[in-house]
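Residues per chain are reported as follows:
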Amino acid sequence: MPWTRKHLLTLEELSLAEIQQIHRTAAAFKKVLGRTVKKVPALRGKTIVNLFLEPSTRTRLSFDMAAKFLSAEVISFDAASSSTTKGETLRDTAQNIQALKADMIVLRHACSGSPLYLSRVLDIPVINAGDGAHEHPTQGLLDTFTMVEHLGSLKGRKVVILGDILFSRVARSNVHALVKMGAAVTLVGPSTLVPEWLTDLGAKVSHDLRGALADAEVVMLLRIQHERQGSSHFPSLGEYTSMFGLNKTRASWLNPKAIIMHPGPINRGVEIDSDLADGEHSVILEQVTNGIAVRMAVLYLCAGGAPESVWSGDNA
Ligand code: CP
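Residues numbered from 1 in each chain as written. Predicted model: local features only at pLDDT ≥ 70, side-chain atom pairs only at ≥ 80, totals over all residues. Heavy atoms only, no water.

Draft legend 1. Structural context of the site of the ligand. Taken together, the residues surrounding the ligand are S56, T57, R58, T59, R108, H136, Q139, P263 and G264. A distance of 2.6 Å is found between an oxygen atom of the ligand and a side-chain nitrogen or oxygen belonging to T59. In the environment of the ligand, an oxygen atom lies 2.8 Å from a nitrogen or oxygen atom belonging to the side chain of R108. Coverage of the ligand by the protein chains reaches 93% of its 260 Å² of free accessible surface. By residue class, the composition of the shell around the ligand is one nonpolar, six polar and two charged. If you count residues domain by domain, the shell around the ligand takes at least three from each of domain 1 (16-135 + 291-315) and domain 2 (137-287). (Near = heavy atom within 4 Å. Polar contact = N/O pair within 3.5 Å; in protein donor to acceptor, adjacent residues only side chain to side chain. Areas by Shrake-Rupley, 256 points an atom, 1.4 Å probe, with all protein chains shown as cover. Nonpolar A, V, L, I, M, F, W, Y, C, P; charged D, E, K, R; others polar. Domains from an automatic or database assignment.)

In structure tokens, the structure reads:
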């Protein structure tokens, strides 16, 4: 199936077939990551600008590495030393980057909808690397890719997302992908952070941690996103941890083969105990590695890169 999208803005708008196409392409690129020379000429001659106007470690570095492994030129925009500090608008900044002959922009921004906005005012592809509390599509793609690696088909699989769902773009993107893939998704946490209307996304909502975790095959923890909360949604972090933090006792309620996920950054001892984050069921660092392969796939497909036959050979 030919890829027809120029931008990657949300997982809400992607079909199941498109999600699976990205996963298949990521699986091919993951093989490249296992080679001694982790580089293919798929995007040779293209220039990608990573426009990150909000802090990031994993997403920014893995988009950098993904672009380099595809042989693209990559420029990371340093917001602190840019003219955005002098009042330049997002639109002007992005149009200047386009005028400087960038072929693609990867945008992280605190405002929901900013990637959609740029996609309407630019001619080049825009990739959403996280917009406010709206979506983080490449995170949802790498998380579901990791789940498929461990579980195979996600049809009927019990997936629990636990924590600050209300302010989480990661949860929203995951739910859109997981529901299309047939998973049974439960969102759990305090009612202030997991309101009933989230069932509109196709997931169950629960405030009963034990019932939700019982026999779950995947549990994904989310940190409390203080930077997006205007007021406190629970009395204290200690009380949140005592009610909803994942510890050894609560992890014992899961399916014995369950995987433990977290998009990062982790607040150890708050949403998850350190020994679980580093334990045998944790796939947190696998998620990070898979992020490179998934982002290679997204950049490659949206940039209309060279055909697979050009780069897929063992010595490419
Ligand atoms: N998961 C994630 O988006 O992490 P960063 O904010 O460090 O990129």
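Now that the structure has been shown, we can carry on.
Draft legend 2. Highlighting the pattern of salt bridges. Scanning all chains against the criterion turns up five salt bridges. For E18, the salt bridge identified is with R5, shortest N-O distance 2.9 Å. Of this pair, E18 sits in helix α1 (residues 16-33) while R5 sits in the segment before α1, and the two are 13 residues apart along the sequence. The partly exposed category is assigned to R5, whose relative accessible area is 24%. Taking the shortest distance from any N to any O, the salt bridge between E54 and R169 comes out at 3.0 Å. Linking E54 in the loop between β1 (47-52) and α2 (58-69) with R169 in helix α6 (residues 169-180), this pair joins segments that are 115 residues apart in sequence. Across the pair, exposure class does not vary: E54 and R169 are buried alike. (Salt bridge = Lys/Arg side-chain N within 4 Å of Asp/Glu carboxyl O. Helix = DSSP H or I, 4+ residues; strand = E, 2+ residues; numbered from the N terminus. Buried < 20%, exposed > 50% of the residue type's maximum accessible area, 1.4 Å probe, protein only.)

Draft legend 3. The arrangement of the sheet that holds strand β3 (residues 104-109) in detail. Strand order in this open sheet of four strands is β2-β1-β3-β4, and the pairing throughout is parallel. Looking at which strands have only one partner, the edges of the open sheet turn out to be β2 (73-76) and β4 (126-131). Along the sheet, successive strands turn relative to each other by an average axial angle of 15 degrees, direction set aside. As paired elements, β1 and β2 share four bridges and run parallel to each other. Directly across from I48, in β2, lies its bridge partner V74. Its contacts with the sheet place α2 against β1, β2, β3 and β4, and it is angled at close to 180 degrees to β1. (Pairing = 2+ DSSP bridges. Axes fitted to C-alpha atoms, helices over the stretch in contact; angles between N-to-C directions. Contact = heavy atoms within 4.5 Å.)

Draft legend 4. Region of the structure containing the domain arrangement of the chain. The domain boundaries assigned to the chain delineate domain 1 (16-135 + 291-315) and domain 2 (137-287). Centre-to-centre, using C-alpha coordinates, domain 1 lies 26 Å away from domain 2. Taken together, the contact between domain 1 and domain 2 spans 23 residues of the former and 23 residues of the latter. Roughly 1,900 Å² of surface becomes buried between domain 1 and domain 2 when both sides are summed, with 61% attributable to carbon and sulfur atoms. Contact with domain 2 buries area across many residues of domain 1, yet H23, A133 and E135 alone supply 29% of it, more than any other trio. Listed by contribution, the elements that provide at least two residues to the side of domain 1 that touches domain 2 are α1, α2, β3, β4 and α11 (284-303). Ranked by the residues each element gives to the side of domain 1 that touches domain 2, the list is headed by α1, at seven residues. Counted by class, the side of domain 1 that touches domain 2 contains nine nonpolar, seven polar and seven charged residues. (Buried area = accessible area lost by both parts, 1.4 Å probe.)

Draft legend 5. Looking closely at the pairing of β4. When you tally the buried positions in β4, you get six out of six residues, the bulk of the element. Sheet analysis places β3 next to β4, joined by four bridges and oriented parallel. Considered in β4, the bridge of L107 is made with N128. Crossover handedness for the path β3 to helix α4 (residues 114-121) to β4: right-handed. (Right-handed = clockwise from strand over helix to strand, strands pointing away.)

Draft legend 6. Structural view of the environment of A66. Here A66 lies in helix α2. Along the sequence, A66 and F29 sit 37 residues apart, while their C-alpha atoms lie 9.5 Å from each other. Excluding residues that lie within four positions of it along the chain, A66 makes contacts with I292, R295, M296 and L299.

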